[in-house]
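Spelled out, the chains give:
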Amino acid sequence: MKGLRQLLSAVSRSFYLSMRFLPREMRPGVAVGYLLARATDTVADTVDMDCRERLALLRMMGATVAGDASREAAASCFGRLGILSTVQTHRGEAELLARFPECLALLEALSPREQMLVRQVLSTIVEGQAWDLEYFEARSSVSCPEQLEHYTYMVAGCVGEFWTRLGLLALGSGFSTQPEDQLLRWGRHYGMGLQLVNILRDREEDLSRGRSYLPTSDVQPWLDRAERWLKEGVFYAESLRNGRLRFSTVLPAWLGLDTLELLQRQEQPGTGKVKITRGTVHSRMWKAFLFSWKEAL
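Values in this document were obtained by computation on a predicted structure and should not be read as measured data. (Residues numbered from 1 in each chain as written. Predicted model: local features only at pLDDT ≥ 70, side-chain atom pairs only at ≥ 80, totals over all residues. Heavy atoms only, no water.)

(A) Quick look at the overall build of the protein chain. Assigned secondary structure in the protein chain consists of 14 helices and zero strands. In the protein chain, the succession of helices and strands from N to C terminus is α-α-α-α-α-α-α-α-α-α-α-α-α-α. Taken over the C-alpha trace, the protein chain has a radius of gyration of 19 Å; the compact-globule value for 297 residues is 19 Å, and the two agree within 12%. Counting across all 297 residues of the protein chain, residues that qualify as buried make up 51%. (Helix = DSSP H or I, 4+ residues; strand = E, 2+ residues; numbered from the N terminus. Rg over C-alpha atoms; globule rule 2.2 N^0.38 Å. Buried < 20%, exposed > 50% of the residue type's maximum accessible area, 1.4 Å probe, protein only.)

Structure, rendered in structure tokens:
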């Protein structure tokens, strides 16, 4: 576990600190899933690398995580990641790519059912990352609402489902007061809502890069949808029995809702990047701490 902590701390200090609030039984699966997804995301975001090369490497990583790659293909994948690590400007991401084989070893150390859940969610995430690269290589805008919803599911909604299944596996009836099908729906929409907030917040920056994830110029319906989905995330958190888990789960939903409120206040919603103040974050953390002591609904 020492190697796991070191990698997490190098890649994201904030995630490493927040993960420590999780119940001990959930930490390894969540941490390994995060590291693998962060590694594939780093490859997808390496803009200095040709799009087709990124796609090929992403698919090699996906096959390696799934256990479908031959020994020769896995070795080639590791070698290419090692080379790519030398050009990364983020020290943690460079280390993560160089130590990708160690991430796979951590995956193999999980229980068989945890391994299955991590491999399932990584398969969907990589599919979404590859779709993003391929689609915007030839187009500048998402064409319909269904396409945007599917994308947000592939890169984030599936994480809500993973979180749910892992929590039920680790904690059983001690996870939530709600049935699995309701939790899966809330968790899926919660993840999609968080991704939609990112899309709305980064809209101008994406437009400057020649891409739009919104199928229409009217952002208000998407602000409303993101709000609805994030409120489902709050419902999800309210149902959780474990106080640490309630804290970790509700905080991103509240911060996402705060971001949406800032976007709504703009004269033209969705224009200009907004940022939550440090004071708001501290206030929300304190409220999340109090929330963690409430009885599950």
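(B) Looking closely at the packing of aromatic side chains. A full pass over the atoms with the stated rule returns 13 aromatic pairs. Residues Tyr-151 and Tyr-213 carry aromatic rings whose centres are separated by 5.3 Å and whose planes lie at 20° to one another, so their mutual orientation is stacked. Of the two residues, Tyr-151 sits in helix α9 (residues 145–171) while Tyr-213 sits in the loop between α11 (203–208) and α12 (220–238), which places them 62 residues apart along the sequence. The structure contains a cluster of three or more aromatic residues connected by ring pairs, namely Trp-131, Tyr-135, Phe-136, Tyr-151 and Tyr-213. Geometry around Phe-291 places Arg-246 over its ring, the cationic atom sitting 4.4 Å from the centre. (Phe/Tyr/Trp six-rings, centres within 6.5 Å; stacked < 30°, edge-to-face > 60°. Lys NZ or Arg CZ within 6 Å of the ring centre and 35° of its normal.)

(C) Highlighting the pattern of salt bridges. On inspection of all chains with the given rule, the structure shows 15 salt bridges. As a salt-bridge pair, Glu-95 and Arg-91 come within 3.7 Å of each other at their nearest N and O atoms. Taken together, the positions of Glu-95 and Arg-91, both in helix α6 (residues 91–98) and four residues apart, correspond to about one turn of that helix. Note on Glu-95: relative accessible area 22%, which makes it partly exposed. (Salt bridge = Lys/Arg side-chain N within 4 Å of Asp/Glu carboxyl O.)

(D) Representation of a nonpolar patch on the surface within the structure. Together, Trp-286, Phe-289, Leu-290 and Trp-293 give the surface a local cluster of nonpolar side chains, amounting to about 520 Å² of exposed area. For Phe-289, the position within the fold is in helix α14 (residues 278–291). Look at Phe-289 and you get partly exposed, because its relative accessible area is 38%. (Patch = residues over 30% accessible without salt bridge, like charges linked within 9 Å, V, L, I, M, F, W, Y side chains within 5 Å. Areas by Shrake-Rupley, 256 points an atom, 1.4 Å probe, with all protein chains shown as cover.)

(E) Examining the nonpolar core more closely. Counting 54 residues, the largest nonpolar core has Leu-36, Leu-57 and Phe-175 as its most contacted members. The biggest single contributor to this core is helix α3 (residues 27–44), with nine residues. When residues no more than four places from it in sequence are discounted, the contact partners of Phe-175 are Met-26, Trp-163, Thr-164, Gly-167, Leu-168, Leu-183, Tyr-236, Ser-239, Leu-240, Arg-241 and Leu-245. The next biggest cluster of nonpolar side chains, apart from the first, holds 36 residues, and it includes Phe-136, Val-155, Trp-229 and Leu-230. (Core = buried A, V, L, I, M, F, W, Y, C linked by side-chain atoms within 4.5 Å. Contact = heavy atoms within 4.5 Å.)

(F) Inspection of the environment of Ala-253 at higher detail. Checked against the element boundaries, Ala-253 lands in helix α13 (residues 243–265). For the pair formed by Ala-253 and Gln-178, sequence separation is 75 residues and the distance between their alpha carbons is 19 Å.

(G) Spatial organisation of the environment of Gly-172. Within the secondary structure, Gly-172 sits in the loop between α9 and α10 (180–201). C-alpha separation for the pair Gly-172 and Gln-6, spaced 166 residues apart in sequence, amounts to 29 Å.

(H) Structural detail: the packing of helix α5 (residues 71–85) against α6. Contact geometry for α5 and α6: axes closest at 8 Å, N-to-C directions at 160°. The angle between the axes of α5 and α6 places the two elements in the roughly antiparallel class. When the axes of α5 and α6 are compared, the crossing they make is left-handed. Across the interface between the two elements, Leu-81, Leu-84 and Ser-85 of α5 pack against Ala-94, Leu-97 and Ala-98 of α6. Tallied by class, residues from the contact of α5 with α6 come to five nonpolar, one polar and no charged. (Axes fitted to C-alpha atoms, helices over the stretch in contact; angles between N-to-C directions. Parallel < 35°, antiparallel > 145°, perpendicular 65-115°, else oblique. Left-handed = near helix turned anticlockwise from the far one by under 90°. Nonpolar A, V, L, I, M, F, W, Y, C, P; charged D, E, K, R; others polar.)

(I) Representation of the side chain of Asp-206. Here Asp-206 shows up in helix α11. Asp-206 sits in the buried class, given a relative accessible area of 9%. Leaving out residues up to four positions away in the same chain, Asp-206 has contacts with Ile-199, Arg-211 and Tyr-213.

(J) Expanded view of the packing of helix α4 (residues 51–66) against helix α8 (residues 112–138). Here α4 crosses α8 at 170°, and the two axes come no closer than 10 Å. Between α4 and α8, the angle is such that the two are roughly antiparallel. Of α8, the residues touching α4 (which contributes Cys-51, Arg-54, Leu-55, Leu-58, Arg-59, Gly-62, Val-65 and Ala-66) are Arg-119, Leu-122, Val-126, Gln-129, Ala-130, Leu-133, Glu-134 and Glu-137. Each residue belonging to the contact of α4 with α8 can be placed in one class, and the counts come to nine nonpolar, two polar and five charged.

(K) Quick look at α5. Compared with an ideal rise of 1.5 Å per residue, which puts 15 residues at 21 Å, α5 spans 21 Å between its outermost C-alpha atoms and is within 8% of the ideal. Listed in full, the buried residues belonging to α5 are Ala-74, Cys-77, Leu-81, Leu-84 and Ser-85. On an axial view of α5, the arc spanned by its buried residues comes to 100°, and they lie on one face. α5 presents Arg-71, Glu-72 and Ile-83 as exposed residues on the side facing more than 90 degrees away from its buried surface. Elements in contact with the buried residues of α5: α3, α4, α6 and α7 (100–108). (Expected span 1.5 Å × (residues − 1). Arc of directions from axis to C-beta.)

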